[in-house]
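# Structure at a glance
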12 protein chains.
Amino acid sequence: MASVKSPLNDAALKAAGDALQGALIDLIDLALVAKQAHWNLTGRNFKVVHEHLDEIVALARSGQDDVAERAVAIGANPDGRVRTVADRTTIPQLEAGYLADDKVVAAITDILAQIIARFRERIEATDEPDQVTQDLLIGITAELEKQHWMFQAQT
Amino acid sequence: MASVKSPLNDAALKAAGDALQGALIDLIDLALVAKQAHWNLTGRNFKVVHEHLDEIVALARSGQDDVAERAVAIGANPDGRVRTVADRTTIPQLEAGYLADDKVVAAITDILAQIIARFRERIEATDEPDQVTQDLLIGITAELEKQHWMFQAQT
Amino acid sequence: MASVKSPLNDAALKAAGDALQGALIDLIDLALVAKQAHWNLTGRNFKVVHEHLDEIVALARSGQDDVAERAVAIGANPDGRVRTVADRTTIPQLEAGYLADDKVVAAITDILAQIIARFRERIEATDEPDQVTQDLLIGITAELEKQHWMFQAQT
Amino acid sequence: MASVKSPLNDAALKAAGDALQGALIDLIDLALVAKQAHWNLTGRNFKVVHEHLDEIVALARSGQDDVAERAVAIGANPDGRVRTVADRTTIPQLEAGYLADDKVVAAITDILAQIIARFRERIEATDEPDQVTQDLLIGITAELEKQHWMFQAQT
Amino acid sequence: MASVKSPLNDAALKAAGDALQGALIDLIDLALVAKQAHWNLTGRNFKVVHEHLDEIVALARSGQDDVAERAVAIGANPDGRVRTVADRTTIPQLEAGYLADDKVVAAITDILAQIIARFRERIEATDEPDQVTQDLLIGITAELEKQHWMFQAQT
Amino acid sequence: MASVKSPLNDAALKAAGDALQGALIDLIDLALVAKQAHWNLTGRNFKVVHEHLDEIVALARSGQDDVAERAVAIGANPDGRVRTVADRTTIPQLEAGYLADDKVVAAITDILAQIIARFRERIEATDEPDQVTQDLLIGITAELEKQHWMFQAQT
Amino acid sequence: MASVKSPLNDAALKAAGDALQGALIDLIDLALVAKQAHWNLTGRNFKVVHEHLDEIVALARSGQDDVAERAVAIGANPDGRVRTVADRTTIPQLEAGYLADDKVVAAITDILAQIIARFRERIEATDEPDQVTQDLLIGITAELEKQHWMFQAQT
Amino acid sequence: MASVKSPLNDAALKAAGDALQGALIDLIDLALVAKQAHWNLTGRNFKVVHEHLDEIVALARSGQDDVAERAVAIGANPDGRVRTVADRTTIPQLEAGYLADDKVVAAITDILAQIIARFRERIEATDEPDQVTQDLLIGITAELEKQHWMFQAQT
Amino acid sequence: MASVKSPLNDAALKAAGDALQGALIDLIDLALVAKQAHWNLTGRNFKVVHEHLDEIVALARSGQDDVAERAVAIGANPDGRVRTVADRTTIPQLEAGYLADDKVVAAITDILAQIIARFRERIEATDEPDQVTQDLLIGITAELEKQHWMFQAQT
Amino acid sequence: MASVKSPLNDAALKAAGDALQGALIDLIDLALVAKQAHWNLTGRNFKVVHEHLDEIVALARSGQDDVAERAVAIGANPDGRVRTVADRTTIPQLEAGYLADDKVVAAITDILAQIIARFRERIEATDEPDQVTQDLLIGITAELEKQHWMFQAQT
Amino acid sequence: MASVKSPLNDAALKAAGDALQGALIDLIDLALVAKQAHWNLTGRNFKVVHEHLDEIVALARSGQDDVAERAVAIGANPDGRVRTVADRTTIPQLEAGYLADDKVVAAITDILAQIIARFRERIEATDEPDQVTQDLLIGITAELEKQHWMFQAQT
Amino acid sequence: MASVKSPLNDAALKAAGDALQGALIDLIDLALVAKQAHWNLTGRNFKVVHEHLDEIVALARSGQDDVAERAVAIGANPDGRVRTVADRTTIPQLEAGYLADDKVVAAITDILAQIIARFRERIEATDEPDQVTQDLLIGITAELEKQHWMFQAQT
């Protein structure tokens with residue numbers, strides 16, 4: 001079975017592929033973390049935060065598809081298997097059991113800040129190798145930063 | 001922070017909660033596996049199988065929400081964190097890299113058959129403790145069995 | 001060509017398969033009978049009954065698909081060919097030519113009552129073998145009984 | 001005027017009819033109570049609770065229609081007149097005048113818990129007489145328990 | 001807990017509040033009466049009247065919300081609790097059990113005529129105190145009179 | 001009960017009525033055949049052919065309604081009862097049991113070719129008697145020929 | 001101001017233009033007659049006939065636009081002014097005041113039969129001069145004949 | 001056949017009924033005039049004015065229904081027959097044949113101004129007798145005056 | 001360039017025009033103030049208040065269009081230029097920088113109360129001169145008072 | 001690779017195929033011409049003509065698909081390649097660069113007139129060989145003639 | 001109350017914040033200017049330009065939200081208060097009173113050209129500091145330049 | 001007739017204009033090629049590839065509009081006339097007659113690869129002259145590369 005022929009040279013493919021794979025890990029775990037909080041949430045602001053977390057899930061899931069399909073489109077195989085994500089994620093994990101709303105808001109704010117920092121490095125890293133990939137990462141970063149502001153504003 | 005007061009007694013809560021937590025692990029990993037195949041697929045039937053896999057993702061994701069929210073509704077905390085899923089899943093994992101369409105169809109058929117067998121045990125296990133939970137599991141099983149037939153018919 | 005591997009054992013498959021095949025015959029002929037009346041209707045209440053009959057058709061057609069696809073999903077081949085339906089249906093047949101609205105309402109009320117009685121036997125018969133199939137039959141029975149009431153209320 | 005002919009025998013009809021009539025009283029008063037709170041609410045969480053209460057109203061109203069139409073479909077006349085509901089309801093009534101949001105959340109949590117307990121008895125009571133009615137009650141109970149969790153999580 | 005500050009003076013508030021509370025009682029009971037008939041209806045015109053009654057329900061329910069929210073917007077607490085409605089309603093109540101379609105049409109025609117007469121008094125009574133409230137009542141009256149005509153035309 | 005007064009003279013009515021009745025038989029059985037294949041299909045192209053067959057069902061069902069209602073509109077009673085269709089259909093019947101996708105494609109191609117030949121005769125036969133009926137038959141033939149091409153192109 | 005240049009020769013334009021102008025008069029007055037009945041209707045079947053008449057209005061109005069725009073597209077000025085319609089219409093006029101539902105159904109049946117007869121003459125008359133115009137008239141006739149059947153079936 | 005019982009006394013009914021009948025004549029002819037212009041229009045601004053005229057038609061047609069149904073709702077029979085409209089309309093009639101766009105804009109501006117003047121008299125005349133009717137007329141006048149401005153602005 | 005000819009006399013035009021211009025200033029600045037708060041908001045209730053403020057913006061913007069187009073429809077030129085609004089607005093202005101949610105809720109409650117008082121004066125002022133304009137102002141006031149209640153209920 | 005088996009004999013296929021291929025060339029180039037004008041347009045009526053041209057594009061594109069798919073459905077291969085269209089089109093070509101709106105309207109009017117003349121010949125040519133093809137061509141001609149009128153009316 | 005923590009360093013924040021604040025002033029005043037023209041417009045092309053201006057309003061309003069929310073997302077407080085906009089805007093202001101359509105088209109063309117020039121400077125200025133902000137500004141500029149072309153094409 | 005005034009200087013305009021004109025030729029011919037294959041396709045995967053090709057057509061057509069309108073927005077006249085496209089296209093042309101599905105998939109994969117290479121050069125070429133144009137080209141390239149992957153994956 002032949003691999004997809006890349007429109008990029010090897011070095012560019014490597015750089016862009018790494019950036020996209022890193023983004024994929026971040027976005028898959030972000031969706032899982034946000035769902036975990038969505039389900040186990042408690043507190044006065046339950047209803048609002050419960051629904052707000054699903055906006056994060058929707059953003060993370062559509063972002064996953066975009067970065068993974070971009071990866072394979074340039075000839076790099078994305079790896080979104082559960083073991084891979086569990087091993088490579090650097091997102092701070094939530095406790096088991098009930099989660100108080102204010103702690104969730106603080107945790108998500110912090111997680112988004114960390115992910116954004118990594119996305120900004122990836123924007124940097126793809127500037128030369130592939131502006132098409134960079135443009136995709138810029139678009140996702142804009143959405144992540146908007147959500148970061150909204151969670152931070154509630155703290 | 002007080003826990004949610006369950007409409008079930010302790011034994012029933014334990015039985016139903018275990019069934020739901022098991023279902024949650026299955027459905028989260030099913031979505032991840034189906035996405036992995038969706039992205040890395042190749043072969044003459046690429047387009048059809050690529051889109052068919054997203055039906056599995058949609059089914060698995062809406063099922064996740066239903067079982068996790070049912071769990072917390074009866075007072076059991078669902079755990080869908082990536083490490084938990086990676087450690088407990090019994091779904092056979094896909095290879096990294098490109099995946100041929102016929103092998104994907106065979107793998108998904110097999111995975112669905114295994115998950116269905118576990119769901120049928122969970123239906124059994126919740127018959128006494130909680131018919132509301134059982135009814136939810138029956139509904140998801142019906143959809144899983146329909147997809148199992150559709151994938152099997154292509155082999 | 002390999003057959004679909006059933007999630008049920010042989011006895012359960014036989015029982016569920018028979019119930020579904022019987023339901024399929026009833027629902028195919030119900031749709032044909034209701035269309036025949038829909039087309040040849042006359043009388044003061046023509047417009048209302050004409051449109052009401054199409055609700056029966058819609059219910060019967062979606063029910064057909066559900067029971068036939070459930071049959072094949074458990075490994076039983078549904079048979080909805082015209083000769084099979086003509087030979088096995090036990091629904092009382094309508095006269096050729098124009099049909100007066102009050103007679104149609106009475107006939108459909110009677111036909112629905114007979115079909116419902118058979119569906120209740122099928123619910124009985126699938127309780128042990130396959131609760132997933134039973135759940136589907138319960139759902140269709142609920143709709144048939146609702147329509148039965150509505151037609152009966154007009155008599 | 002002839003009554004609707006029931007698909008059930010007399011004892012089954014009595015049992016199912018009683019369960020449905022009880023459910024109807026609960027659901028009509030639930031809708032009225034939720035609207036009363038929706039209108040007279042005050043407090044920091046006004047907007048969220050105000051809108052959340054309308055989800056209860058929507059659930060209660062669609063449930064009313066389902067149980068009342070199920071009752072008449074099996075040949076039992078539902079009674080949803082205001083005097084009947086006022087006399088038979090066992091839901092604790094709200095005070096007149098403004099209602100503080102946290103007290104409303106607590107009251108609705110409590111009311112839902114009581115209604116759920118009665119619905120679980122009705123599921124029990126209809127298991128033998130009529131599985132179609134039981135299935136309907138299971139479905140409504142699932143939704144009530146989901147809302148119960150969501151209100152309880154805010155306390 | 002502070003009450004809502006009214007844009008009206010005390011006398012105007014009293015007059016407008018009374019008109020709105022009266023309208024609320026009428027509209028809540030109208031919805032309950034129309035649903036009771038919707039469920040227990042029989043007769044040749046069952047289907048048409050059954051559906052027509054739900055137009056009354058929809059009108060009564062949206063009217064309830066409008067008058068109750070107008071009341072609280074001007075600083076008067078609406079009271080729509082079941083005991084209040086049962087005690088204060090002057091709408092002639094329906095019999096229990098099956099209801100023949102022609103009798104239902106006559107009863108609804110009569111009930112609407114009585115409600116309209118009271119709404120016209122309320123339009124009168126709010127002309128000085130609050131034209132905003134009056135405008136709302138005029139709008140609901142127009143719809144009630146349209147439905148009154150449609151029911152009367154069938155008698 | 002008076003029959004519908006035809007806008008056509010007796011000979012024209014006979015010719016147009018016969019053409020429409022023949023078309024009705026073809027279209028009812030085409031829908032049943034396509035559903036039978038839709039349910040019992042297997043093979044590599046299962047998903048595509050499974051869905052393609054439902055396009056045939058949709059076309060056949062909307063065509064049924066059009067020809068049957070055209071028949072009664074000109075004063076000829078359509079007969080779509082199951083016994084009538086079983087006795088008069090000339091469509092080659094499918095085997096019971098699983099059906100391989102390539103054989104289904106070949107069978108549907110052949111069946112459509114036969115039906116089209118009969119529709120072209122009916123277009124011929126209605127040219128003089130009733131251009132309105134002819135126009136309807138031309139429209140359905142265009143759709144049948146489009147589907148015939150699409151199935152044939154897959155062989 | 002220059003007139004629209006016709007794609008037809010003078011004789012064909014005259015024939016097609018006359019047919020279209022005649023159709024326009026019929027369809028404008030049909031809409032007015034149906035609205036008059038829609039408003040002044042009484043009787044047991046009020047609701048159904050009231051709504052059915054609006055289907056006639058919708059058909060007549062969309063037909064008006066089609067024939068008038070076809071006329072101007074071939075270079076003939078349509079005349080749909082009220083005086084022209086009043087002077088040239090041959091549709092039997094309704095009485096002033098209330099109209100009983102059965103009489104309305106009979107009257108509309110009769111009016112449609114007369115209009116259909118004229119449309120069939122117009123189909124005849126345009127066969128040679130302009131098949132595009134003829135095709136439009138055939139389409140409208142099919143709809144008129146369908147409505148004629150539906151009204152006649154209620155008598 | 002009994003007439004509709006009016007919520008108004010005789011004098012009020014007379015005044016409101018006259019106002020509504022006058023409005024009906026204006027709105028029916030306005031729709032016919034606007035359609036006549038819509039069809040026979042020519043000039044540089046054809047497309048814009050052609051579409052703008054259909055906004056007038058839509059407004060006039062929905063207004064017709066509102067005033068006629070209001071008339072019968074208060075017990076006055078609306079008369080919208082073609083002869084009645086032709087005899088009583090005071091709207092200046094358009095020439096036959098092609099109509100230049102600037103002349104159409106001027107004519108519609110003038111016609112709207114005349115109709116508005118009559119509607120303002122009707123608002124005056126219904127102030128005492130029936131505020132519900134008055135409110136309807138105010139609403140239509142607001143729309144007519146908005147269109148009057150838009151046509152006038154183009155002159 | 002000719003001005004729009006008014007349906008009102010000079011005094012009425014002056015009174016109605018002044019009322020509408022005043023309303024325009026209020027509604028343009030209300031939209032700007034609400035957006036300023038929407039953007040700079042912080043606090044525990046950020047998400048709910050952030051979205052609630054956009055309901056104010058939507059109401060203010062659709063109100064702007066309605067009053068400005070009403071003004072020009074009666075022949076008065078609305079002035080919504082930024083300098084005009086800045087000079088004439090009497091709405092208390094927000095601070096620059098972040099705004100705490102509870103202070104925003106209090107400020108909007110106060111601003112709405114002031115605007116409502118002015119709208120009630122405008123309703124008064126247009127009663128004689130132009131009931132069409134008055135009806136528009138009554139409609140906007142109803143919406144402003146509903147929002148005023150909702151913001152006040154949160155304080 | 002086998003060719004599609006035609007429902008027509010060879011002579012009929014040749015005639016119908018030629019007519020459809022000719023129509024295809026016309027419609028592909030019509031879309032290209034209309035887009036060229038859509039993009040390079042200038043003048044006072046820019047906005048209206050710019051949007052009107054896109055209606056031509058939509059009509060031409062849907063027509064292309066219909067004639068090309070009809071061609072292949074009867075067994076004739078359509079040829080819509082750019083070289084074929086460039087060589088065979090007889091549509092007068094537009095100048096490069098900016099195009100004044102009045103000249104564009106005149107050019108499109110002229111182009112439509114020429115295409116209509118050829119379509120009328122094709123309707124003639126397919127009358128014997130294939131009425132299904134003819135019916136399709138009649139439908140497209142009707143739309144072309146409607147657009148021709150609308151462009152001509154602006155000149 | 002803590003300020004939002006920026007993902008940018010101080011210098012980048014200053015540069016990006018200034019660009020966004022400048023864009024906000026431009027877009028708020030653009031919306032106000034376009035509305036002023038939308039309301040006071042006159043002339044032959046009134047309808048088209050009136051509607052075209054609302055496209056500008058929609059673009060300006062969605063742009064406002066995007067730039068203001070981007071500002072706060074990076075930790076800079078946007079200032080869109082009326083006094084701020086009035087003092088800082090450099091857009092040439094429209095005259096009071098009626099505005100002729102050709103003058104409006106020329107004015108909007110000119111205003112858009114000036115705003116575009118400033119946006120291009122802002123794209124320049126944000127290239128280093130923040131590519132996410134730059135990407136947003138590029139997107140808005142593309143839309144502004146498209147509208148600039150469309151207005152310019154009408155001059 | 002004045003040309004559109006460009007926001008770019010002459011050199012930038014030349015570079016961006018050339019890139020856009022080249023893109024236009026590619027996208028127009030891509031749509032024509034994809035349609036040619038869409039119509040003449042045969043083979044086992046006919047249905048899937050037939051529909052997949054229409055995604056290419058949709059992408060190419062929306063891309064055409066975007067690049068052509070961008071060209072004129074910066075003051076460069078796009079040329080999309082059939083002769084221009086035929087002369088300048090470098091896309092390898094398809095054979096006449098039937099086209100086997102696997103050969104079509106290979107051909108489209110190859111064509112997309114060539115077009116992508118040219119688009120990447122255009123992204124390069126517009127980096128200095130006009131980032132707004134570049135951003136548009138990046139967006140289209142992302143979509144082309146996604147489709148390229150999907151076609152390549154089927155080979």
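Small disclaimer: the values here were computed from a predicted structure and weren't measured.

## Side note on the environment of G:Gln21
All names here are of chain G. You can see Gln-21 is positioned in helix H1 (residues 10-40). Not counting residues up to four positions away in its chain, the partners in contact with Gln-21 are Asn-77, Pro-78, Asp-79, Thr-84 and Arg-88. Among the polar contacts listed, one links the side chain of Gln-21 to the backbone nitrogen of Asp-79, at a separation of 2.9 Å.

## Here's the deal with the relation of the copies chain J and chain F
Between the two chain copies there is a screw-like relation: a rotation about an axis and a shift along it. Turning chain J through 120 degrees and shifting it by 0.0 Å along the axis lays it on chain F, with an RMSD of 0.0 Å. What the rotation and shift describe, once combined, is the action of a three-fold rotation axis. The C-alpha atom lying nearest the rotation axis in chain J is that of J:Asp135; the distance is 4.8 Å. Comparing interface residues between copies, only 8% of those in chain J also sit at the interface in chain F, which points to a heterologous contact through distinct surfaces.

## Some points on the arrangement of the chains
Chain I makes no contact with chain G, the minimum C-alpha separation between the two being 26 Å. Across the gap from chain B to chain K, with no contact made, the nearest C-alpha atoms are 26 Å apart.

## Some points on the interface of chain H and chain G
Taken residue by residue, the interface counts 40 residues in chain H and 40 residues in chain G. In total, about 3,400 Å² of surface goes out of reach between chain H and chain G, with carbon and sulfur atoms giving 55% of it. It is H:Trp39, H:Val82 and H:Tyr98 that lose the most area in chain H upon contact with chain G, and together they represent 25% of the buried surface on that side. Taken together, chain H and chain G are joined by four salt bridges. One salt bridge connects G:Asp87 with H:Arg83, and the closest N-O pair in it is separated by 3.8 Å. Among the elements of the structure, helix H1 (10-40), helix H2 (46-73), helix H3 (82-88) and strand E2 (99-100) of chain H are those that each provide at least two residues to the side of chain H that touches chain G. Residues of the side of chain H that touches chain G, tallied by class, amount to 17 nonpolar, 13 polar and 10 charged.

## Re the confidence of the model for chain A
Per-residue pLDDT for chain A averages 96, and the proportion of residues at 70 or more is 97%. Note on the complex model: pTM 0.96, ipTM 0.96.

## Considering the interface of chain J and chain F
Contacts between the two partners involve 13 residues from chain J, matched on the other side by 14 residues from chain F. Carbon and sulfur atoms make up 56% of the surface buried where chain J meets chain F, a total of about 1,100 Å² over both sides. Summed over the three residues of chain J that lose the most area to chain F, namely J:Glu69, J:Gln131 and J:Val132, the buried surface amounts to 40% of that side. The partner of F:Glu145 in a salt bridge is J:Arg70, with the nearest N and O atoms 2.6 Å apart. Taken together, chain J and chain F are joined by five residue pairs in polar contact (both at pLDDT 80 or more). Broken down by secondary-structure element, the contributors of at least two residues to the side of chain J that touches chain F are helix H2 (46-73) and helix H5 (131-152) of chain J.

## Re the UniProt feature "domain: Ferritin/DPS" (unreviewed entry) in chain A
This chain's UniProt record puts "domain: Ferritin/DPS" (unreviewed entry) on residues 18-154 of chain A. The span residues 18-154 of chain A is 78% helical and 3% strand by assignment, and the distance between its end C-alpha atoms comes to 34 Å.

## Digging into the nonpolar core
Formed by 119 residues in total, the largest nonpolar core has its most connected members in I:Leu30, I:Val67, I:Leu144, K:Leu30 and K:Leu144. Beyond its immediate stretch of four places on either side in the chain, I:Leu144 contacts I:Leu30, I:Leu59, I:Leu112, I:Ile115, I:Ile116 and I:Phe119.

## Overview of the environment of A:Lys146
Along the chain, A:Lys146 turns up in helix H5 (residues 131-153). For A:Lys146, a relative accessible area of 34% translates into the label partly exposed. Remark: the alpha-carbon pair of A:Lys146 and A:Lys47, spanning 99 residues in sequence, is separated by 20 Å. Among residues more than four places away in sequence, those in contact with A:Lys146 are K:Glu69 and K:Ala73. A distance of 3.1 Å separates the side chain of A:Lys146 from the side chain of K:Glu69, its partner in a polar contact.

## Description of the relation of the copies chain H and chain G
Overlaying chain H on chain G yields an RMSD of 0.0 Å, the required transformation being a rotation through 180 degrees with an accompanying axial translation of 0.0 Å. Interpreted geometrically, this transformation is the action of a two-fold axis. Interface residue correspondence from chain H to chain G reaches 100%, placing this contact among same-surface, isologous pairings.

## Focus: the environment of L:Trp149
Mapped onto the elements, L:Trp149 comes out in helix H5 (residues 131-152). Each C-alpha atom of the pair L:Trp149 and L:Ala113 lies 9.5 Å from the other, and the pair is 36 residues apart in sequence.

Rules behind the numbers
- Residues numbered from 1 in each chain as written.
- Chains lettered and ligands numbered in written order.
- Predicted model: local features only at pLDDT ≥ 70, side-chain atom pairs only at ≥ 80, totals over all residues.
- Heavy atoms only, no water.
- Helix = DSSP H or I, 4+ residues; strand = E, 2+ residues; numbered from the N terminus.
- Contact = heavy atoms within 4.5 Å.
- Polar contact = N/O pair within 3.5 Å; in protein donor to acceptor, adjacent residues only side chain to side chain.
- Least-squares fit on C-alpha atoms with pLDDT ≥ 70 in both.
- Buried area = accessible area lost by both parts, 1.4 Å probe.
- Salt bridge = Lys/Arg side-chain N within 4 Å of Asp/Glu carboxyl O.
- Nonpolar A, V, L, I, M, F, W, Y, C, P; charged D, E, K, R; others polar.
- pLDDT = per-residue confidence, 0-100.
- UniProt positions renumbered as here; feature names shortened; annotations may be inferred.
- Core = buried A, V, L, I, M, F, W, Y, C linked by side-chain atoms within 4.5 Å.
- Buried < 20%, exposed > 50% of the residue type's maximum accessible area, 1.4 Å probe, protein only.

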